[in-house]
Amino acid sequence: MNNIARSLTHPSEVIDLLSFQFLGGKEKLFPKRGEVEMTESWEKCDYFLTKTSRSFSAVIKALDVELRPAISVFYLVLRGLDTVEDDMTLNSQEKQTLLTSFHEKLYEKGWTFDGSGENEKDRQLLVEFNVVIEEFLRLDEPLQNVIADICKKMGAGMVEFIHKEVKNNEDYNQYCHYVAGLVGIGLSQLFSATGMESSVVGKDEERSNSMGLFLQKTNIIRDYFEDLEEGRTWWPEEIWSLYGNKLSDFADPSNTDAGLKCLDHMVADALQHIPDCCVYMSRITTQSVFNFCAIPQVMAIATLALCYHNKDVLKRNVKIRKGLAVSLMLQATTFEQMLHIFQRFLSEIRSKQIHTQCERILASLTVAEKAIATHLRQCHHTTSQSSLPSQGMSTTTKVVATVAVVGIAAFAYHKYNQGSGTVSANRPLHSSFF
């Protein structure tokens, strides 16, 4: 009910929320696509997948059965690696040794690790990591090679940044490559190795890397205040030093204007990856893979539009409404629809740019908008999108949902006037989209 209340000033979002939760929208977007052979270790991996990320678990489970085991194992392996990297109770030498050798543990049957701090969120995954290894060893060798190679490179990158600060843009891009670009590269190689996508998807590491960087940079921008409170700083000094003496200065209300200029600069940097992301998505032909890739991309562009020149970013963690998130998921089921979503939020940023006069954002917008316009023209001259049909609501569903919206709006208005609590359309959603 809270999620619906937050979207009351956006009726289409309420309709999508109701459709998604109660009228079969979730099942249509994330249908069951065959069953994975059930083993005791797979059952445990499935449990850990849901426990570590309910939202990501739902998207993975909607993948075709040929791809699901490899992506699940890939995710759990990297989650295990990330748990080691995040654990502040481990001494530096032990952490570095584990990070650089973690890929080798994948071939050691029965290996587990119980040295994580008691309060580590995913400690139990490492305590029972032997089940992940069992499923890893059941994969075909080419899939094992992809996962182990990415794990090795990511572990090495994590070690590099244990004592290294993000000073310049090169450091920033390199850090984002290690923690997100490599994920994009690994996923793309798995898509190709399973035959779900063409070989070019797996071979074009530059575009795969950009897919990851676009998402990671969005998270880093959005999480400015949260990271600052936890002692992490990922905004590159080369950028923030143009506007202040310390990155933390921007959290001070007296420095809001400078903070907004720095924030806008960061958004402009992230937008530079959109042309590569469009090329990548234009090559995806399998519906479940398209959904898997498109959903986080449209969430990212919506988040950047929310963050751009938004002083709230400097004092709290901001997130898009859940109603908007659901609407975007339901809409972004074809390449053309995804492009229109990007176009919509780039227009929002441009409307703000008119008032901020940020030249950097203008340059990034122009390049991104030109790339999207080119792809839209190509969409209009091809029938290739017929393999990715729209998964929007039927007319009947919309009518039912609209009637429900009227009832809910009346209820919310009644409760508001009774003084039982205010209804805010601007409160953020929690991290999970589901």
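Here, the structure is the one placed above.
1. Observations regarding the overall build of the chain
Okay, so step 1: Within the chain one finds 22 helices and zero strands.
Okay, so step 2: Taken over 434 residues, the chain has a buried fraction of 53%.
Okay, so step 3: Partitioning the contacts of the chain with sequence separation of at least 6, the portion at a separation of at least 24 is 76%.
Okay, so step 4: When the accessible surface of the chain is split by element, carbon and sulfur atoms take 51% of a total near 19,700 Å².

2. What about the environment of W234?
Okay, so step 1: Secondary-structure assignment places W234 in the loop between α14 (224-229) and α15 (237-240).
Okay, so step 2: The spatial distance from the C-alpha of W234 to the C-alpha of K217 is 9.3 Å, given a sequence separation of 17 residues.
Okay, so step 3: Setting aside chain neighbours within four positions, we find W234 in contact with V166, Y172, Y175, I220 and D227.

3. Focus: the packing of helix α18 (residues 287-307) against helix α20 (residues 335-356)
Angle between the axes and distance between the axes are the two parameters that describe a pair of packed helices.
Okay, so step 1: Running from N to C, α18 and α20 point in directions that differ by 10°, and their axes come no closer than 9 Å. The angle between α18 and α20 falls in the class roughly parallel. Taking contact as the criterion, the partners of F290, A294, Q297, V298, I301, A302, L304, A305 and L306 in α18 are, on α20, F335, M338, I341, F342, F345, L346, E348, I349 and K352.

4. A short note on the nonpolar core
Okay, so step 1: F129, F191, L271 and I274 are the most contacted members of the largest nonpolar core, which has 121 residues in total.
Okay, so step 2: Counting residues per element, this core draws most heavily on α18, at 14 residues.
Okay, so step 3: When sequence neighbours within four positions are dropped, the list of residues in contact with F129 reads L76, V77, G80, F102, L106, W111 and T112.

5. Topic: the pattern of salt bridges
Okay, so step 1: The final tally for this structure, using the stated rule, is 22 salt bridges.
Okay, so step 2: Here D46 makes a salt bridge to K61, at a shortest N to O gap of 3.5 Å. Highlighted residues: D46 in helix α4 (residues 40-52) and K61 in helix α5 (residues 54-61), separated in sequence by 15 residues.
Okay, so step 3: Note that E237 is salt-bridged to K167, the shortest N-O span being 3.0 Å.

6. Points about unusual backbone geometry
Okay, so step 1: Even without a glycine there, the phi angle at H309 is positive, about 50°.
Okay, so step 2: Looking at where H309 falls in the secondary structure, it is placed in the loop between α18 and α19 (322-331).
Okay, so step 3: By relative accessible area, which is 33% here, H309 ends up partly exposed.

7. Structural notes on the side chain of E135
Okay, so step 1: Along the chain, E135 turns up in helix α9 (residues 130-138).
Okay, so step 2: Residues contacting E135, with those up to four places away along its chain left out, are T39, S41, W42, C45 and V73.

8. Focus on the packing of aromatic side chains
Okay, so step 1: Counted by the stated rule, this structure contains twelve aromatic pairs.
Okay, so step 2: Residues F161 and Y178 carry aromatic rings whose centres are separated by 6.1 Å and whose planes lie at 70° to one another, so their mutual orientation is edge-to-face. Here F161 is found in the loop between α10 (141-160) and α11 (169-193), whereas its partner Y178 is found in helix α11, with 17 residues between them in sequence. The exposure classification of F161 matches that of Y178, with both residues buried.

Calculation criteria
- Residues numbered from 1 in each chain as written.
- Predicted model: local features only at pLDDT ≥ 70, side-chain atom pairs only at ≥ 80, totals over all residues.
- Heavy atoms only, no water.
- Helix = DSSP H or I, 4+ residues; strand = E, 2+ residues; numbered from the N terminus.
- Buried < 20%, exposed > 50% of the residue type's maximum accessible area, 1.4 Å probe, protein only.
- Contact = heavy atoms within 4.5 Å.
- Areas by Shrake-Rupley, 256 points an atom, 1.4 Å probe, with all protein chains shown as cover.
- Axes fitted to C-alpha atoms, helices over the stretch in contact; angles between N-to-C directions.
- Parallel < 35°, antiparallel > 145°, perpendicular 65-115°, else oblique.
- Core = buried A, V, L, I, M, F, W, Y, C linked by side-chain atoms within 4.5 Å.
- Salt bridge = Lys/Arg side-chain N within 4 Å of Asp/Glu carboxyl O.
- Phe/Tyr/Trp six-rings, centres within 6.5 Å; stacked < 30°, edge-to-face > 60°.

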